[in-house]
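Report on the structure
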Amino acid sequence: MKVFLNPDREIGRRSPMLYGQFIEHFHRQIYGGVYDPQSPFADEDGFRTDVLEAMRRIKMPILRWPGGCFVSSYHWKDAVGKERQPFFDKAWRVEDPNSFGTDEYIKLCRKTGCEPYICTNAGTGTAEEMSDWVEYCNLESEGKYAKWRIENGYEQPHKVKYWSIGNENYGFWEIGAKTASEWGRLVKEAAKMIKHVDPTTELTAAALTDIHWNIELLENCGEFLDWISIHEYWDGIHQTNDYANYEQVMAYTDRLGHSIDEVRGLLTAMKLDKKIKIAFDEWNLRGWYHPNVHTIKQGVTREEYLYPRDKNDDNTKYTMADAVFTACFLNELNRNCDIVGMANFAPVVNTRGCIYTCPEGIVLRSTYHVFDLYVNYLGDIVLDTWSKETPSMKVKAKDGRELSVDALDIVATKWSDRPGLAIAAVNKEPEEALTLSLNFHSAKGNVKLFTISGNSTESYNDMGYEEVRIEESEAGAFRMGMEIALKAHSVNVIWIEE
Ligand code: AHR
């Protein structure tokens, strides 16, 4: 494949928030995930230091919390202060001790250096409850909620800028699901009240790629919104646990950006594309496996409670297929960085997340290394590229369709604060190395290659077993152009250092 670019032709500056993450009170994401006061790895506030360190390494820019479906029957007031009552979480059918609430979440954000992003209860909650939450977090000392925060030991406001009104309230699965017109009305009232409390907040609300839902939302509330939220999980394994194999996963890379294109088109048609950005605030190749047996039983040991291994915990399932898919989607986000300002990989820890906890340590799954590569090795300005002779590959999708998809996926970047180019190049071919021919005159220098490929498409990482990692090599000198061989099933960053 021949790739051409002109470093002056910029698509835009990518927001760091494109590499954001999500954490939900679901499975072992919070309890037994990032928060486990009795673990030998816990710090003085109960956070696992090994997880915090892994989060810092991928410079987690923003963390969406507390749900997800979880939030639709969550009442934040029950989880602050000294008097905490456990509650039965009706979304996931498990008792939540409420020992991790707003103040613990803000601590987590401060410890990892990320921006907080709170999703509110638009299922059983009201506009008033949402705006009370904003008072608690953002007002200096006016009113009972800011005073309550101070009484709880937090003199300074938490300064939460990003708020989502609800989660997937269009879905039948969501507690308190709404019709399009009910949704428009609730979002408008909630947005008004939140902005009256703190006009500097940025608000989003759930959209889906249903044009009627979105038109209703944007017509009613467009003036109050700064963002519109979309979610996508490609491989739905909810009850069945039948993970797509490598070839089927590659079939999902066909038209990866379709929901971005549809929402962009609508925002443009409604003349809102300069005002509202897309928050792709939940995404992952895999949907989750729902064990349906979540309720805590009396008499279980701590290990059984916090580390009850289920099918989400089978690390052999998160392979190079996940890594290659994740890189292709990050490429798509980069290419759309003029309209997508935030994205949140779902979730960051446990379930099908990129970090996995065991009592004796953590596993950095294949997807973790893709975040490491993209966050730490790519530039922040995305360049326009064009290509010739793009190789394609035939794949059979999980639903039996035969498709032809591009075998290489490229995104070129440069840095706003230093010279050089960094090109992300994904080779989806399962067995075949492919040659990338870079053709432009505007760069020269030494070339370094950072590669994730494992030994096979099935490579994975587990406790004490690491097959997938970033490998670095020298690739020669770039003078007016060069050819680079990309390993089969690999995710690469090519650095041209000037
Ligand atoms: O992560 C599990 C669920 O997936 C989230 O709660 C929901 O928002 C999505 O459907």
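Residues numbered from 1 in each chain as written. Predicted model: local features only at pLDDT ≥ 70, side-chain atom pairs only at ≥ 80, totals over all residues.

In this model helix α8 (residues 258-269) runs 17 Å from its N-terminal to its C-terminal C-alpha over twelve residues, within 8% of the 16 Å that 1.5 Å per residue would give. Turning to α8, its buried residues are I260, V263 and L267. Seen end-on, α8 carries its buried residues on one side only, within an arc spanning 75°. Exposed and oriented more than 90 degrees from the buried face of α8 are H258, G265, T268 and A269. Looking one or two residues beyond α8, the residue adopting positive phi is K271, at roughly 55°. (Helix = DSSP H or I, 4+ residues; strand = E, 2+ residues; numbered from the N terminus. Expected span 1.5 Å × (residues − 1). Buried ≥ 20, exposed ≤ 12 C-beta atoms within 10 Å, placed from the backbone. Arc of directions from axis to C-beta.)

We now examine the site of the ligand. Every residue lining the ligand is accounted for by E24, F26, G67, G68, C69, N167, E168, E282, W288 and A346. When its residues are assigned to classes, the shell around the ligand shows four nonpolar, three polar and three charged. (Near = placed C-beta within 6 Å. Nonpolar A, V, L, I, M, F, W, Y, C, P; charged D, E, K, R; others polar.)

Structurally, the position occupied by S229 is in strand β9 (residues 227-235). Residues S229 and D198, 31 residues apart in the sequence, show an inter-C-alpha distance of 21 Å. In contact with S229, not counting residues within four places along its chain, are S164, T204, A205, A206, A207, A279 and D281. (Contact = placed C-beta atoms within 7 Å.)

As a further point, take helix α6 (residues 211-221). Taken as a whole, α6 has its buried residues at W213, N214, L217, L218 and C221. The buried residues of α6 occupy an angular sector of 115° when projected down its axis, which confines them to one face. Of the exposed residues in α6, those oriented more than 90 degrees away from the buried face are H212 and E219.

Before going further, it helps to spend a moment on the packing of helix α10 (residues 320-335) against helix α11 (residues 366-377). At their nearest, the axes of α10 and α11 sit 8 Å apart, and the two run at 35° to each other. In the packing of α10 onto α11, the handedness of the crossing is right-handed. In contact with M320, D322, A323, T326, A327 and L330 of α10, α11 contributes S366, T367, H369, V370 and Y374. (Axes fitted to C-alpha atoms, helices over the stretch in contact; angles between N-to-C directions. Left-handed = near helix turned anticlockwise from the far one by under 90°.)

This next bit is on the confidence of the model for the protein. Of the residues in the protein, 96% reach a pLDDT of 70 or more, and the chain-wide mean stands at 94. Every residue in residues 293-298 scores below 50 in pLDDT, and together they form eight contacts with partners more than four places removed in sequence or on other chains. Of the two predicted TM-score estimates for the complex, the pTM is 0.96 and the ipTM is 0.98. (pLDDT = per-residue confidence, 0-100.)

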